[in-house]
Amino acid sequence: DDPSCARNKVHLEAMRQWVAAFNGIDDDPHTFEYYLDQLLFTGMHPFIPDVILGDMVAYEKAGIKTHMVLQVCSWELLPDLNQLIFAKGIWDEKLDAEGFIESLAKAIAGDYAKIWIKYLEAKRRIFQKALELCDYDFQIYLDYRWLPEGNSDFGKRMAKVYLEASEALQK
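Here is a short report on the structure shown in this document. Computed from a predicted model, the values in this text were never measured in an experiment.

**Some thoughts on the overall build of the protein**
Right, so step 1: Counting secondary structure elements, the protein contains seven helices and two strands.
Right, so step 2: Its helices and strands in sequence order give the protein the pattern α-β-α-α-β-α-α-α-α, from N to C terminus.
Right, so step 3: Here the protein holds 171 residues, and 35% of them are scored as buried.
Right, so step 4: Sequence separation of at least 24 residues holds for 64% of the intrachain contacts in the protein that already meet a minimum separation of 6.
Right, so step 5: For the protein, the exposed surface amounts to about 11,100 Å²; the carbon and sulfur share of it is 57%.

Below, the structure written as structure tokens:
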């Protein structure tokens, strides 16, 4: 429900209309998200806790309390951090990204959690910026693997954001 994002406003309003239209007909509305879809993210394993928890709050405000998530094409044996925060966020409505990161870092590294907190906060910040496409043209199919307007101002800006993000992740 980010008021500065035109794309999100359209989706939020569509969701509100859907909930209103099916009120009393469907007593179990639910979401079906793609936070874990490595086909979509091409093995990037983004970490987007703010998006996941923010979406859950927006859904709850709209009256949707049941959430599902698609997980495909995760070939590596990597912990999917989005899966962990999604699962925990469903049960803990007070969960925030900072608290999740701190508890996860402590579970992984105990007394040496500070370096993990630094890493997870950096990954969180980098992916939040890299995957933000609020001004993307609604008429063009959106897929992170295929940005057809590479010569447009938007495409050039996204190429720069992706380059900066990949360099930051490498560091």
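**Some details on the pattern of salt bridges**
Close approach of charged atoms allows side chains of opposite charge to pair.
Right, so step 1: Applying the stated rule across the entire model yields seven salt bridges.
Right, so step 2: The closest approach of N and O atoms between Glu-121 and Arg-124, which form a salt bridge, is 2.9 Å. One end of the pair is Glu-121 and the other is Arg-124, both in helix 6 (residues 113-130) and three residues apart, which spans about a single turn.
Right, so step 3: Linked by salt bridges that have partners in common, Asp-50, Glu-98, Glu-121 and Arg-124 make up one network.

**Considerations on a nonpolar patch on the surface**
Right, so step 1: On the surface, Ile-108, Ile-115, Trp-116 and Tyr-119 cluster together into a nonpolar patch covering about 400 Å² of accessible area.
Right, so step 2: Broken down by element, the residue count for the nonpolar patch peaks at three residues, all from helix 6.
Right, so step 3: Here Tyr-119 lies in helix 6.

Thresholds applied
- Residues numbered from 1 in each chain as written.
- Predicted model: local features only at pLDDT ≥ 70, side-chain atom pairs only at ≥ 80, totals over all residues.
- Heavy atoms only, no water.
- Helix = DSSP H or I, 4+ residues; strand = E, 2+ residues; numbered from the N terminus.
- Buried < 20%, exposed > 50% of the residue type's maximum accessible area, 1.4 Å probe, protein only.
- Contact = heavy atoms within 4.5 Å.
- Areas by Shrake-Rupley, 256 points an atom, 1.4 Å probe, with all protein chains shown as cover.
- Salt bridge = Lys/Arg side-chain N within 4 Å of Asp/Glu carboxyl O.
- Patch = residues over 30% accessible without salt bridge, like charges linked within 9 Å, V, L, I, M, F, W, Y side chains within 5 Å.

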